[in-house]
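Chains, contacts and geometry: an overview
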Amino acid sequence: MSSINQVVSQINQARLWERHERLAEIGATGRGGVNRQALSKEEILARKQLREWGSVIGLVPYSDAIGNFFLRYPGENGDLAPVVTGSHIDTQPTGGRFDGSFGVLAALEVIEAMHATGYRPHRSVELVAWTNEEGSRFAPGMMGSAVFRGQRELDAMLAIRDSDGVSVGESVAAIRSAESEVCERPLGFSLAAYIEAHIEQGPILELQRKVIGVVSGIQGKRVFRVTVDGEENHAGTSPRAMRKDALVAAVNMIGALHDAIYDSEDVVKFTVGRFEVRPNAPSVVPAAVHFSIDLRHPDDAVLQRLGDRIEPVCTQHQGPCTVAVKELSNDPALEFPVAVRDTIRAIAKDLSISYLDMPSAAGHDARHINYLCPTGMIFIPCEGGISHNEAESCEAEHLFEGARVLAGTVMRLAEMT
Ligand code: GLV
Ligand code: MN
Ligand code: MN
């Protein structure tokens, strides 16, 4: 029996499922979902649980200056760049139990299986949980992987504050003091390869009745924050001509953007997911509105053209108010290297698991790590394609099959000389 088959045979479906259930208790919403914000006390507890699981098999934990978390399974040649696999454990406020957690727990399961057979890869294998993938508490998202890549400045990210005024820097310091035994390591160390397993977060695998998505690439995404400034006034007395109603202006902008960006083919994705009104009082003309725009498209030229229309359309509909459009991120569409996709596909074939080549419509940390080393992603189905929702659900068998394909892929890559 080959070492891949031996290790794959040790992937344990019950353990993998139970660990998802256990992790989902940390930040459980009470409605089946999870609210575990980046760098929160819940995330500290989840990381403690990962360290406890890892310590049973001797894994050494590390963290870096933006709080990315690693568990290392040493290879025969500890000086060589490791193969890294994982995802994130922060969630949306009404998040599910599998988004991100699956990639991290599948990575742990792969290492457990290697350990159980006594298999030592040529290169070390490391689990990673990247900091703040979701961008829900602190914007922008994919912060840990972007800083690791060097695409974002560490100091600028540490200065970002949540809606309560707490900074990323203060929160990373809190995590570090709760993890005094965790060794610090530099940002951006060399990686031999990166593989991220993730739920699809869309309906395609389920509709096509396939178990594994061999991810070809990730569609592009631009994120904006729009600030509309008006003036508070009395709701009963101020005449229309005197009003600077920031809410009316913002609604007009969003309606106009929706029309300008509308795509009958439904390829363009345009979302205003956050909308804040000040002072948000029934009898006061709204003085200010902040809203977010998340714009995505697989064709970079289209993404750039549509994103560039946002500011002029907002300005055109500002009325008596003023508007400022700030771009928070602009990540082009990308393709993962063919060799990594071929490896994932070959492993799925060898294990007789059905697969489909498909792009990722959602964003992932693999987007940033792709620029540092050969990178790939493995998808599994999620029920009804529902994600960023407390009802997010997956089948235990699909988690298991995904972890088996991950194990084979990581082993192939960890044998690279
Ligand atoms: C990731 O969470 C995304 O929003 O694509
Ligand atoms: Mn995710
Ligand atoms: Mn997510």
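About the cut-offs
- Residues numbered from 1 in each chain as written.
- Chains lettered and ligands numbered in written order.
- Predicted model: local features only at pLDDT ≥ 70, side-chain atom pairs only at ≥ 80, totals over all residues.
- Heavy atoms only, no water.
- Helix = DSSP H or I, 4+ residues; strand = E, 2+ residues; numbered from the N terminus.
- Contact = heavy atoms within 4.5 Å.
- Donors = N, O, S within 2.8 Å, 3.2 Å for Na, K, Ca; no water.
- Buried < 20%, exposed > 50% of the residue type's maximum accessible area, 1.4 Å probe, protein only.
- Near = heavy atom within 4 Å.
- Polar contact = N/O pair within 3.5 Å; in protein donor to acceptor, adjacent residues only side chain to side chain.
- Areas by Shrake-Rupley, 256 points an atom, 1.4 Å probe, with all protein chains shown as cover.
- Nonpolar A, V, L, I, M, F, W, Y, C, P; charged D, E, K, R; others polar.
- Core = buried A, V, L, I, M, F, W, Y, C linked by side-chain atoms within 4.5 Å.

Focus on the side chain of S393
Note on placement: S393 falls in the loop between β17 (375–380) and α14 (396–414). For S393, the contacting residues outside a window of four places in its chain are F98, C382 and E383.

Some thoughts on the coordination of the manganese ion (ligand 2)
Around the manganese ion (ligand 2), the protein supplies H88 (NE2), D99 (OD) and H198 (NE2) as donor atoms, at distances of 2.0 to 2.3 Å. Counting residues between consecutive donors of the manganese ion (ligand 2) along the chain gives the motif H-x10-D-x98-H.

Here's the deal with the coordination of the manganese ion (ligand 3)
Coordination sphere of the manganese ion (ligand 3), protein contribution only: D99 (OD), E134 (OE), E134 (OE) and H388 (NE2), at 2.1 to 2.5 Å. Read in sequence order, the donor residues for the manganese ion (ligand 3) give the motif D-x34-E-x253-H. In this model, the manganese ion (ligand 3) sits 3.6 Å from the manganese ion (ligand 2), the two metals being bridged by D99. Of the two residues, D99 is situated in the loop between β3 (83–87) and α4 (101–117) and H388 in the loop between β17 and α14; the sequence distance between them amounts to 289 residues. Taking relative accessible area as the criterion, D99 reaches 5% and is therefore assigned buried.

Quick word on the site of ligand 1
Close to ligand 1 lie E133, E134, K221, R296, A362, G363 and H388. Measuring from an oxygen atom of ligand 1, one finds a side-chain N or O atom of R296 at 2.6 Å. Contact distances for ligand 1 include 3.3 Å between an oxygen atom and a side-chain N or O atom of H388. Burial of ligand 1 by the protein chains amounts to 90% of its free accessible area of 200 Å². Classifying every residue of the shell around ligand 1 by side-chain character gives 1 nonpolar, 2 polar and 4 charged.

Concerning unusual backbone geometry
For the bond from A139 to P140, the omega torsion is 10°, close enough to zero to count as cis. Along the chain, the position of P140 falls in the loop between β4 (125–129) and α5 (143–149). In this model, R278 is joined to P279 through a cis peptide bond whose omega is 0°. Within the secondary structure layout, P279 lies in the loop between β11 (275–278) and β12 (284–285). Look at N280: it is not a glycine, yet its phi comes out positive at around 60°. Tracing the backbone through its elements, the reader meets N280 in the loop between β11 and β12. Notably, H388 is not glycine yet its phi reads approximately 50°, a positive angle.

Structural notes on the nonpolar core
M114, L127, I212, I378, V405 and L406 are the most contacted members of the largest nonpolar core, which totals 61 residues. Not counting residues up to four positions away in its chain, the partners in contact with L406 are T85, A106, A107, V110, I195, A197 and I378. Formed by 26 residues, the second largest nonpolar core is a distinct cluster that contains A249, F270, F291 and V302.

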